[in-house]
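Residue-level structural notes
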Amino acid sequence: MNHLKTFILLAGLTALFAGLGYLIGGATGMAIALLFAGGMNLFSYWNADKIVLRMYRAQPVDENHPNAVVRNYVADVRQMARDAGLPQPQVAIIPNDQPNAFATGRNPERAAVCATTGLLDMLTREEVRGVMAHELAHVKNRDTLIMTVTATIAGAIAALANFALFFGGGDDRERPGGLIGALALMILAPMAAGLVQMAISRAREYEADRVGAEIAGDPHALAAALQKIEAYAKRIHNPTAERNPASGQLFIINPLAGKGADNLFSTHPATGNRVRALMELGTKMGLRPRAFADPVAPTPVSSARPATTGVPATPTPPRGPWG
């Protein structure tokens, strides 16, 4: 169903682009905008993994790491990758207290999976396995390719709309709906494209939850991890993500401390919806329901937490007068 939903959304995005392009500049203008947006996104597709890893100061790790927690993390990722029939990805850790994780890379042969030090410190080994299986599912499903295609089309729509707003788009008499209708379409089309792009992202998250639960063999562990990560993400600052909010969609849980509602403007599904789907999958797999403990300690997490990974805690910058 998620594959079908993604296909329908992509078809809708393509139709929106074609209609707007033809309205503004005919077939020639549409082709020029697509080539321009495609060139920009192709560069991002080939280089985004390096940019993101550098941005978050990701540190490659292997089985020879001096800390047992990190060694277990690497060993579990490599074992699950073998079980899933995937090439061995680069494994890295990010020095950040907020528990979270993401995958990047333009294809499975050049993939990298990253966990924050907060994730390794605050979750059990089974929960970390569930999270990293979710990230390996993104690699297996080639979600980076899908999101690149959607970004290309959405970027082309935005480029067309900007061109039309600033330079006009032909004879108003030839536009359906006249000038007012054309202006409304130029303003609303990029918004609609962004909403479709977010909907595709949410569909891919549900699919990665399902495939990841099958890779790890424990949907309940991933469900428990999602609850913990969301609870801590609301309380622990992630300064790099907040400086670069566009990278937030990479993570398993929104790192920007949002409420997580399944609404039009959310790139992530509501965690409660994801947990219910995983629990239903566990029932189908014949697993007994797990009782979830309170995912958050009653006292705030501070930078003085025990650093089981051996990586220094991330200093929390002072917050502004509004929080």
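Source: prediction; values computed, not measured. (Residues numbered from 1 in each chain as written. Predicted model: local features only at pLDDT ≥ 70, side-chain atom pairs only at ≥ 80, totals over all residues. Heavy atoms only, no water.)

1. Focus: the overall build of the protein chain
We count it as follows: For the purposes of this entry, the term helix denotes a DSSP run of H or I that reaches at least four residues, the term strand denotes a run of E that reaches at least two, and both are numbered from the N terminus. Burial status follows relative accessibility: with a 1.4 Å probe on protein chains alone, a residue under 20% of its type maximum counts as buried, one over 50% as exposed, and anything between as partly exposed. The contact definition used throughout considers only heavy atoms, calling two residues in contact when any of these lie within 4.5 Å. Shrake-Rupley sampling with a 1.4 Å probe provides the accessible areas, and residues are treated as covered by the protein chains on show and by no other component.
Scanning the protein chain from terminus to terminus reveals nine helices and four strands. Beginning at the N terminus, the succession of helices and strands in the protein chain can be written as α-β-α-β-β-β-α-α-α-α-α-α-α. Counting all 323 residues of the protein chain, 49% fall into the buried class. Within the protein chain, counting contacts between residues at least 6 apart in sequence, those at least 24 apart form 73% of the total. Accessible surface for the protein chain amounts to roughly 15600 Å². Of this, 63% is attributable to carbon and sulfur atoms.

2. Comments concerning helix H9 (residues 271-284)
Selection criterion: Multiplying 1.5 Å by the helix residue count minus one yields the expected span of that helix. The arc in question is the one spanned by the directions pointing from the helix axis to the C-beta atoms.
A rise of 1.5 Å per residue sets the reference length of H9, with its 14 residues, at 20 Å; its end C-alpha atoms lie 20 Å apart and thus fit the reference within 8%. All of the buried residues along H9 are Thr-271, Arg-274, Val-275, Leu-278, Met-279, Leu-281 and Gly-282. The buried residues of H9 occupy one face: seen down the axis, they fall within an arc of 160°. Exposed and facing more than 90 degrees away from the buried side of H9 are Arg-276, Glu-280, Thr-283 and Lys-284.

3. A look at the nonpolar core
Selection rule: For the purposes of this section, nonpolar cores are sets of buried Ala, Val, Leu, Ile, Met, Phe, Trp, Tyr and Cys residues that join through side-chain atoms within 4.5 Å.
Of all hydrophobic cores here, the largest spans 46 residues; its most connected members are Tyr-73, Leu-119, Leu-123, Val-131, Met-132 and Ile-215. Ignoring any residue separated from it by four or fewer positions in sequence, one finds Leu-119 in contact with Gln-98, Pro-99, Asn-100, Ala-101, Val-128, Val-131, Met-132 and Ile-229. Residues Leu-9, Leu-20, Met-147 and Ala-154 belong to the second largest nonpolar core, which totals 17 residues.

4. Some points on the sheet that holds strand E4 (residues 112-116)
For the record, the criterion: When DSSP finds two or more bridges between two strands, those strands count as paired.
With mixed pairing, the four strands of this open sheet are ordered in space as E1-E2-E4-E3. Two strands lie at the open edges of the sheet, namely strand E1 (59-60) and strand E3 (101-104), each paired on one side alone. As paired strands, E1 and strand E2 (residues 90-94) are joined by two bridges and run antiparallel to one another. Across the sheet, residue Pro-60 finds its bridge partner in E2, namely Ala-92.

5. Here we look at helix H4 (residues 125-140)
Given a rise of 1.5 Å per residue, 16 residues ought to cover 22 Å, and the 22 Å separating the end C-alpha atoms of H4 matches this to within 8%. The buried fraction of H4 is high, at 13 of 16 residues. Residue Arg-142 follows H4 closely and has a positive phi angle near 55°.

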